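# Reading the structure
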Amino acid sequence: MNDKRSQQQAIHYAPLSSPWSARADTVQSATGVLLGFFLLAHLHFESSILLGKEAFYRVAQFLEGGMFTSSGHGMPILTQLFSAFILFVVVLHAAMALRRFPAQLGQWRALRRNMQVINHKDTNLWFWQMVTGFILFFLAPVHIFTMITNPEIGPHLSAERVYHANAWLLYALLLPAVVVHAMFGLYRVAVKWGFIANRNGLRKVAKVLIVYLLVIGLLSLSAYLIIGSELPLPITPYSPN
């Protein structure tokens, strides 16, 4: 009987120490780093609206390959293709991460009890990363799929999506979840793979980045709301003077 139980336990825990598990960890870390740095770039590109409509327009045309067209206008299909690629990376990252996700109520209760008894900072960060990851599982694909089906971006078109299509509701929930998940994720990757040994200092950097990204993200969202509220319907795409 004991031999049979030992065999069942070995079968249950073998995948965690198998070569596949190591490869899955590598894929999860690599895709997480890619998505984390993409978020850093994405929020800064979006925040160009704070410098004015023309600044955001120029950034949008540059990202859509406007320098390669005779008219100087970007190609929205590039936004669609890149969004499809990001969606693939998100799905792959989520699939790898779900291996470590508590699947039963008892596992959640045990985790919460351990966190109360052992106040370990990295465990707390991991918990919040799981919570935000669960939220992103539902919200992130909606945003990305919207960019695939409606890739038109610009000061007026983006403001129309935020204000008139009420996308601000999605972004208000998505922003804090994705920022917290990404910055704590980059921290955990750096520690896990031994890139940085100073955990306390790196945690402070991650928290500062979270506050900074939330500020520029909320300011950008507010700017789109203001622009959208001032635009008459139907929306005319922005064109620089």
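This one's a predicted model, so the numbers in the text were calculated from it and none came from an experiment.

Before going further, it helps to spend a moment on the packing of helix H2 (residues 19-46) against helix H8 (residues 168-192). Running from N to C, H2 and H8 point in directions that differ by 130°, and their axes come no closer than 9 Å. Relative to H8, the element H2 lies oblique. The two elements H2 and H8 cross, and the hand of that crossing is left-handed. Across the interface between the two elements, Asp 25, Ser 29, Gly 32, Val 33, Gly 36, Phe 37, Leu 39, Leu 40 and Leu 43 of H2 pack against Leu 175, Val 178, Val 179, Ala 182, Met 183, Leu 186, Val 189 and Lys 192 of H8. In terms of residue class, the contact of H2 with H8 is built from 12 nonpolar, three polar and two charged.

One pass over the structure, following the stated rule, counts two salt bridges. A salt bridge links Lys 192 to Asp 25; the shortest N-O distance between them is 3.7 Å. Residue Lys 192 is found in helix H8, and its partner Asp 25 is found in helix H2; the two are separated by 167 residues along the sequence. For Lys 192, a relative accessible area of 49% corresponds to the partly exposed category. With its nearest N and O atoms 3.3 Å apart, the salt bridge here joins Glu 54 to Arg 58. Here Glu 54 and its partner Arg 58 are both found in helix H3 (residues 53-63), four residues apart, which amounts to about one turn of the helix. Classification of Glu 54 as partly exposed rests on a relative accessible area of 37%.

The description of an aromatic ring pair uses the distance of the two centres, along with the angle that the planes make with each other. Counted according to the given criterion, the structure contains seven aromatic pairs. Judged by centre distance (6.2 Å) and plane angle (45°), the ring pair of Phe 82 and Phe 85 falls under tilted. Taken together, the residues Phe 82 and Phe 85, both in helix H4 (residues 76-97) and three residues apart, mark about one turn of the helix. A relative accessible area of 42% means that Phe 82 is categorised as partly exposed. Here a set of aromatic residues connected by ring pairs shows up, and it is made of Phe 38, Phe 82 and Phe 85.

All right, on to H4 then. When the terminal C-alpha atoms of H4 are compared, their 31 Å separation across 22 residues agrees well with the 32 Å that a helix rising 1.5 Å per residue should span. If you check which residues of H4 are buried, you get Thr 79, Ser 83, Ile 86, Val 89, Val 90, His 93 and Met 96. Buried residues of H4, seen end-on, are gathered within an arc of 145° and therefore sit on one face of the element. Set apart from the buried face of H4 by more than 90 degrees, the exposed residues are Leu 81 and Phe 88. Where H4 is buried, its residues contact H2, helix H6 (121-149) and H8.

Considering the arrangement of structural elements, one finds Thr 31 in helix H2. Using a relative accessible area of 9% as the deciding quantity, one classes Thr 31 as buried. Setting aside its immediate chain neighbours within four residues, Thr 31 contacts Val 89, Leu 92 and His 93.

Considering every residue of the protein chain, the mean pLDDT works out to 85; 83% of them sit at 70 or more. Across the protein chain, the element-wise mean pLDDT spans from 44 in helix H1 (residues 2-13) up to 95 in helix H9 (residues 199-230). Confidence drops under pLDDT 50 across residues 4-16; counting only partners more than four residues distant or on other chains, this segment forms three contacts.

What counts, and where the lines are drawn
Residues numbered from 1 in each chain as written. Predicted model: local features only at pLDDT ≥ 70, side-chain atom pairs only at ≥ 80, totals over all residues. Heavy atoms only, no water. Axes fitted to C-alpha atoms, helices over the stretch in contact; angles between N-to-C directions. Helix = DSSP H or I, 4+ residues; strand = E, 2+ residues; numbered from the N terminus. Parallel < 35°, antiparallel > 145°, perpendicular 65-115°, else oblique. Left-handed = near helix turned anticlockwise from the far one by under 90°. Contact = heavy atoms within 4.5 Å. Nonpolar A, V, L, I, M, F, W, Y, C, P; charged D, E, K, R; others polar. Salt bridge = Lys/Arg side-chain N within 4 Å of Asp/Glu carboxyl O. Buried < 20%, exposed > 50% of the residue type's maximum accessible area, 1.4 Å probe, protein only. Phe/Tyr/Trp six-rings, centres within 6.5 Å; stacked < 30°, edge-to-face > 60°. Expected span 1.5 Å × (residues − 1). Arc of directions from axis to C-beta. pLDDT = per-residue confidence, 0-100.

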